[in-house]
Amino acid sequence: MPTFDQFAGQEVASGIRSNEPVIAFETEGTRTVLNNLGLIDGIIPKLGRVLFRECRIMDNPLDRIFRKSALPFGVGWEDAEFVAGGKNKKNDGTCVPIGNPTMESQVNLINLAWSIDVSIKDREINKAVLSPEEVGQFVAQKMRTPRKTLAMLKYRAETQIISDVIDGTRSVSSTDSSDGTGTSVTYAPTVKGYAGAVEDLGFVLAPLVQGTPATFAQASDAMDMLIAIQNAATEMREEGTYYSALGINTFSLEKPNLVIEEKVLNALDKAWALDGAAKQIPTRTAREFLDTFCDVVTFPGAFADLPTNASYTDKRLAAVLIDKDSCTEMISWEDVESQRCAKERLTGYNFGGASAMSIYRGNPACAFIADTQ
């Protein structure tokens, strides 16, 4: 087969003529290499164009299950629900019927906030000798960076709160700036779990490792997990208190959301294909099977660790069924403020806001956990 060697000798620095190519074909182009280049008459080569790539903002796959609403007043809201229906008892002949059904509630307070700065200098890019089109691209992409940070903040926050299926604590070393600078801060909340039922699958499902697919030790483990999810989704449609963390006598009005790591879902598909029983239905995958009784919500990352709880040592969240009416984010405020700085000749922008994000503990929810080792 033809190979590159017949052309390689011409694709080194100055292989065709002086400074063409400027560097060897597979050599890394760096600013040091650029600064070291020069022509005989003292003319220094310049970059002819700058292509400002689009600042990619993640389309958060978890955000769609959080109902959005406004919270213009106060610092939160209360979810309240009657625990059960009115009592049916023998008629005692009293002239006034009296019944006092019990009510449970959950208070949700503002628990998420952001303050993201970006500045545009009037002459920030003059010395780069950019075209008007390139200047427009530069400004447009720089103004996308606050939205990029906010999208990731929401994604990470939703990953955390969805992983709070059990009671426990957390302790995370952090700083007061998202780039790791500033003052050290210890994040240490006490978590109240929202899952009414926690089902231990009884097998090992190793934590996800970047660059490595998720796997089940044996296909039967994956089948057991699918059957457990199907059973819980079925039971959540019948009125009862088993799946409600607040003990509400309730049920799911429609198929619940199944939140699961996409890599684990991929592993379920693979195991389904290898299992002898599943081969009886060659046209159906694990995804299609799950779709018959729940709405699958996948995300490419991993669940957060379970809150620290002695009863769940060496356990991890494998999946969770959540009633579709459970996840809410109420926006207290969100806006952009700008101000001019005369001496710096710049305009500074601050993207700020706050919201209350919660998962209602009264609705049915079932978490599926597995061993990590």
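For the structure itself, consult the block above.
None of the values given here were measured: they were computed from a predicted structure.

**Examining helix α6 (residues 262-274)**
- With 13 residues, α6 extends 19 Å between its outermost C-alpha atoms, agreeing within 8% with the 18 Å of an ideal straight helix rising 1.5 Å per residue.
- Within α6, the full set of buried residues consists of K263, V264, L265, A267, L268, D269, A271 and W272.

**Quick word on helix α4 (residues 145-162)**
- The end-to-end C-alpha distance of α4, which contains 18 residues, comes to 26 Å, matching closely the 26 Å that a straight helix rising 1.5 Å per residue would cover.
- Along α4, the residues classified as buried are P146, L150, A151, K154, Y155, A157, E158, T159, I161 and I162.

**Section: the packing of aromatic side chains**
- According to the stated counting rule, one finds six aromatic pairs in the structure shown.
- On the numbers, 5.9 Å between centres and 65 degrees between planes, the contact of F203 with F216 is edge-to-face. Highlighted residues: F203 in strand β9 (residues 197-204) and F216 in the loop between β9 and α5 (219-235), separated in sequence by 13 residues.
- Given the relative accessible area of 12%, F216 is considered buried.
- Every member of this aromatic cluster is reached through a ring pair, and the members are W272, F289 and F293.

**Thoughts on the sheet that holds strand β13 (residues 327-341)**
- Spatial ordering of the open sheet is given by β1-β13-β14-β4, a layout of four strands whose pairing is mixed. At either end of the open sheet lies a strand with only one pairing partner, and these are β1 (67-70) and β4 (112-121). Each adjacent strand pair in this sheet contributes to an overall mean axis angle of 30 degrees, direction not counted.
- Pairing between β1 and β13: four bridges, direction parallel. Looking at the pairing, R67 lines up with T328 of β13.
- Across the sheet, α4 is in contact with β1, β4, β13 and β14 (346-359); its angle to β4 comes to roughly 165 degrees.

**A word on a nonpolar patch on the surface**
- Residues V75, V107, L109 and I110 make up a contiguous nonpolar surface patch of roughly 360 Å² in combined accessible area.
- As for its placement among the helices and strands, I110 is situated in the loop between β3 (103-109) and β4.
- By relative accessible area, I110 is classed as partly exposed at 32%.

**Notes on unusual backbone geometry**
- Residue S14 is not a glycine yet carries a positive backbone phi of 60 degrees.
- Positionally, S14 belongs in the loop between α1 (5-8) and α2 (31-36).
- Backbone geometry places D314, a non-glycine residue, at a positive phi of 60 degrees.
- Structurally, the position occupied by D314 is in the loop between β11 (295-299) and β12 (315-322).

**Re the pattern of salt bridges**
- Inspection of every chain in the model, using the stated rule, returns 17 salt bridges.
- One salt bridge in this structure joins E329 and K68, with 2.4 Å as the shortest N-O distance. With E329 in strand β13 and K68 in strand β1, this pair connects stretches of sequence that are 261 residues apart.
- Of the charged contacts in the structure, one is a salt bridge between D167 and K192, with a shortest N-O distance of 3.7 Å. Of the two residues, D167 is situated in the loop between α4 and β5 (168-169) and K192 in the loop between β8 (190-191) and β9; the sequence distance between them amounts to 25 residues.
- Look at D167 and you get partly exposed, because its relative accessible area is 34%.

**Quick notes on the sheet that holds β12**
- Pairing is mixed in the open sheet, where five strands are placed in the order β9-β15-β12-β10-β11. Bordering the open sheet on either side are β9 and β11, each of which pairs with just one other strand. Pairs of neighbouring strands in the sheet enclose a mean axial angle of 25 degrees, with direction left out of account.
- Pairing of strand β10 (residues 257-261) with β12, which is carried by four bridges, proceeds in the antiparallel orientation. Residue L258 lies in a different strand from β12, and its bridge partner there is L321.
- Seen against the sheet, α6 touches β10, β11 and β12 and runs at an angle of roughly 95 degrees to β10.

Rules of the game
- The numbering scheme is per chain: residues are counted from 1 as the chain's sequence reads.
- Owing to the predicted nature of the model, reporting of local features is limited to residues with pLDDT of at least 70; listing and counting of side-chain atom pairs is limited to 80 or more, with chain, interface and lining totals taken over all residues.
- Computation of side-chain values: all heavy atoms of the structure, hydrogens and water removed.
- Put simply, DSSP H or I for four residues or longer makes a helix, DSSP E for two residues or longer makes a strand, and each gets a number counted from the N terminus.
- To estimate how far a helix should extend, the number of its residues minus one is multiplied by 1.5 Å.
- When accessible area is computed with a 1.4 Å probe and restricted to protein chains, residues below 20% of their type maximum are described as buried, those above 50% as exposed, and intermediate ones as partly exposed.
- Whether two aromatic rings pair depends on their centres lying within 6.5 Å, for rings of Phe, Tyr and Trp, where Trp uses its six-membered ring; planes under 30 degrees apart make the pair stacked, over 60 edge-to-face, and the rest tilted.
- Whether two strands pair depends on DSSP finding at least two bridges between them.
- Simply put, an axis is a line fit to the C-alpha atoms, just over the touching stretch for a helix, and the angle between two N-to-C directions goes from 0 to 180 degrees.
- When checking whether two residues touch, look at their non-hydrogen atoms; a contact exists if any pair is within 4.5 Å.
- Only residues whose relative accessible area exceeds 30% and that form no salt bridge enter a patch; like-charged residues are grouped when within 9 Å of one another, and nonpolar side chains (Val, Leu, Ile, Met, Phe, Trp, Tyr) when within 5 Å.
- In short, Shrake-Rupley with a 1.4 Å probe defines the accessible areas, and a residue's cover is counted only from the protein chains shown.
- Take a side-chain nitrogen of Lys or Arg and a carboxyl oxygen of Asp or Glu: if they are within 4 Å of each other, that pair is a salt bridge.

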